[in-house]
Amino acid sequence: MTTRQLKCVLLPVGANVLIVPNNAVAEVITLDEIRPRGDTPDWLIGSAHWRGYDIPLIDFAYLAGQRDEVAPGSGRYVVLFAFGTVPSFYALRIDSMPH
């Protein structure tokens, strides 16, 4: 019998931790310059320029009902591959470094 492993990273968001496969993570970044987007849902913090892409920034903790207010835009984000969609990347606001 063969045991298969899936290596994952733990992302601290709000009161919970998201488990995400390592191969879904492009990079962990810190952002200071965030562009607000027009008429969008509250959980969509805005967008940022990253490696030639305009990526949407998402506050997952707010989206999941764990925060009463959207986190401030600047801070730490994990950039994830959006497999099979356009744009091909998006970023989640995280509360501390992933492990």
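Thresholds, definitions, all that
Residues numbered from 1 in each chain as written. Predicted model: local features only at pLDDT ≥ 70, side-chain atom pairs only at ≥ 80, totals over all residues. Heavy atoms only, no water. Helix = DSSP H or I, 4+ residues; strand = E, 2+ residues; numbered from the N terminus. Buried < 20%, exposed > 50% of the residue type's maximum accessible area, 1.4 Å probe, protein only. Polar contact = N/O pair within 3.5 Å; in protein donor to acceptor, adjacent residues only side chain to side chain. Pairing = 2+ DSSP bridges.

On the secondary structure map, D59 appears in the loop between strand 5 (53–58) and helix 1 (60–63). D59 sits in the buried class, given a relative accessible area of 0%. Here the side chain of D59 touches Y62 through a polar contact of 3.2 Å, landing on its backbone nitrogen.

Our next topic: unusual backbone geometry. Its identity as a non-glycine residue notwithstanding, R51 has a phi of 50°, on the positive side. Within the secondary structure, R51 sits in the loop between strand 4 (44–50) and strand 5. On the basis of relative accessible area, R51 is assigned to the exposed category, the value being 62%.

Where burial is concerned, most of strand 7 (residues 89–93) is hidden: 4 out of the 5 residues are buried. Taken together, the 2 bridges between strand 5 and strand 7 define a ladder with parallel strand orientation. Of the residues in strand 7, the one forming a bridge with I58 is L92. Relative to strand 7, strand 6 (residues 75–81) is paired through 5 bridges, and the arrangement is antiparallel. Opposite Y77, over in strand 7, you have R93 as the bridge partner.

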